[in-house]
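Overview (structure and organization)
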Amino acid sequence: MYASLSDGMSSATGDSRGHNSISESVRVEHGVGGPSPSRAVVEAVAGAAGVEPVNLADEAGIVLYDHVDLDALDALVGSRPGSDIDVSLSVAGYEVTVDATAVVAERAR
């Protein structure tokens, strides 16, 4: 699941019409016992967009493979646990930062 940086709770909440609210920034930890770095990117961007990860392409129109090679990201970040790696990218109007332990996604300003 994803968490809002401001309150540690789920960043996307449904309203009475089934729409999700959009968080300012979403942090998803990855690595041992958690998702891969690429899965954390999917969850963080989806959380920032206010959609479930499986609906990212259909509801938000975001196809991550159009923006980043997720397999290469896993190889780069996942092969260096505990390192001082920091990858930043722009994905369909969101700024995404990936470090050795977490992904943070937020709407670009």
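Now for a look at the structure at hand.

Moving on to helix 1 (residues 37-49). Taking 1.5 Å as the rise per residue, helix 1 with 13 residues should run 18 Å; its terminal C-alpha atoms sit 18 Å apart, in good agreement. Those residues of helix 1 that sit buried are P37, S38, A40, V41, V42, E43, A44, V45, A46, G47, A48 and A49. In this fold, the buried residues of helix 1 make contact with strand 2 (25-29), helix 2 (56-60), helix 3 (70-78), strand 4 (94-99) and strand 5 (102-107). Immediately beyond the C-terminal end of helix 1, within one or two residues, lies G50, with a positive phi of roughly 80 degrees.

Within this structure, the stated rule accounts for 4 salt bridges. Across the pair R109 and E106 runs a salt bridge whose closest N-O atoms are separated by 3.7 Å. Among the charged side chains, a salt-bridge network with shared partners connects E24, E106 and R109.

About the thresholds
Residues numbered from 1 in each chain as written. Predicted model: local features only at pLDDT ≥ 70, side-chain atom pairs only at ≥ 80, totals over all residues. Heavy atoms only, no water. Helix = DSSP H or I, 4+ residues; strand = E, 2+ residues; numbered from the N terminus. Expected span 1.5 Å × (residues − 1). Buried < 20%, exposed > 50% of the residue type's maximum accessible area, 1.4 Å probe, protein only. Contact = heavy atoms within 4.5 Å. Salt bridge = Lys/Arg side-chain N within 4 Å of Asp/Glu carboxyl O.

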